[in-house]
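Overview (structure and organization)
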Amino acid sequence: HGKALVFDTGPAFSATFSAGDAILLPDLLRRGTSEISALVVSHSDLDHAGGLSSLRSNFSVKTHLGFDGQPCRVGQEIVLGKFLVVSMLSGTGHNTVDTNADSCVVGLTVHGRQIIMPGDIPAAIEMSLIANQQISPPVDVLLAPHHGSNSSSSPSFIDSLAPEDVFFTTKLEN
C-alpha cells in the first residue's frame, strides 16, 4: 500500500554513509513505499538512529516518535490498518543521560500476534516491565534487548515472556 512502519534506523558508519542509505532506503523504495506511517527511533545511540536523516529526507513521515520526534508515551497506541496496533510500553527516547534505559519499548500486535521491540533497555527496566505487567506473556516474537548483551536480555525476562522466537541483532565481536 506504499506505507511502512520503521523501528530504529540502524547505524551510521560515517558522516556520509549509514544503514538508512545502504539498506533501509533501497529496500523501502523497492517495496514501493511512499510514506512512513510510523517511525519510532528507540533512542539516540548511533547504532539505532544513524540512518534517520536518510529516511526523513526521502520520505514523508506521518508519525515520528522517540529520538528527534515526539516523546514516546506509555499507553500511547497507533492503529495502522485493521490488523496492526503499535503500543508504547516504556521510555520516551529523549533522555540524553541514560539513553539505553529510556529506550522506547514498542509492542506490536499483528493479526493477534505479539511482537516486542525493546531497544537497549537494561535488566532493571526489563524487570520493571514484568513487575508492572506492561507486557502480557506469552509473546510471539522478542527482539533481544540491547542486542543480547550481558547488561540486558536477562534469563528471567526472556523466561517470563516465554517468547516463541527471540532475535538477537548482533555484529561481529558483540
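**As for the pairing of strand β9 (residues 113-117)**
A regular strand carries its side chains on alternate faces of the sheet. Note that strand β8 (residues 105-110) and β9 share five bridges and pair antiparallel. Pairing of L108 across the sheet is with I115, part of β9. Linking β8 to β9, which pair antiparallel, is a turn of two residues; within it H111 sits at a positive phi near 50°. Both β9 and strand β10 (residues 141-143) contribute to a ladder of two bridges, which runs parallel. Its bridge partner lying in β10, I115 is registered against V141.

**Remarks on the packing of aromatic side chains**
In the structure shown here, the tally under the stated rule is one aromatic pair. Taking the centre distance of 5.4 Å and the plane angle of 35° together, the rings of F13 and F17 count as tilted.

**Description of the environment of V166**
Summarising the element assignment, V166 is placed in strand β11 (residues 165-167). The class of V166 is partly exposed, set by a relative accessible area of 27%. A C-alpha to C-alpha distance of 13 Å links V166 and H146, two positions 20 residues apart in sequence. Excluding residues that lie within four positions of it along the chain, V166 makes contacts with L142, A144 and I158.

**Considerations on the sheet that holds strand β5 (residues 60-66)**
Spatial strand order, β1-β4-β5: three strands in an open sheet with parallel pairing. Bordering the open sheet on either side are β1 (3-7) and β5, each of which pairs with just one other strand. Direction aside, neighbouring strands of the sheet carry axes that sit 10° apart on average. Here six bridges tie strand β4 (residues 35-41) to β5, and the two strands are oriented parallel to one another. Of the residues in β5, the one forming a bridge with I36 is V61.

**What about the sheet that holds β10?**
If you walk across this open sheet you meet the six strands as β6-β7-β8-β9-β10-β11, and the pairing is mixed. The open sheet has two edge strands, β6 (77-79) and β11, and neither has a second partner. Averaged over all pairs of adjacent strands, the angle between their axes in this sheet comes to 15°, without regard to strand direction.

**Side note on the state of the cysteines**
Under the counting rule described, the total for this entry stands at one disulfide. Note that C72 is cross-linked by a disulfide to C104, the S-S spacing being 2.1 Å. Across the S-S bond of C72 and C104 the torsion is about 100°, and the bridge reads as right-handed. Of this pair, C72 sits in the loop between β5 and β6 while C104 sits in the loop between β7 (84-90) and β8, and the two are 32 residues apart along the sequence. Judged by its relative accessible area of 2%, C72 is buried. Its relative accessible area of 0% is what places C104 among the buried residues.

Cut-offs and rules
- Residues numbered from 1 in each chain as written.
- Predicted model: local features only at pLDDT ≥ 70, side-chain atom pairs only at ≥ 80, totals over all residues.
- Heavy atoms only, no water.
- Pairing = 2+ DSSP bridges.
- Helix = DSSP H or I, 4+ residues; strand = E, 2+ residues; numbered from the N terminus.
- Phe/Tyr/Trp six-rings, centres within 6.5 Å; stacked < 30°, edge-to-face > 60°.
- Buried < 20%, exposed > 50% of the residue type's maximum accessible area, 1.4 Å probe, protein only.
- Contact = heavy atoms within 4.5 Å.
- Axes fitted to C-alpha atoms, helices over the stretch in contact; angles between N-to-C directions.
- Disulfide = S-S within 2.5 Å.

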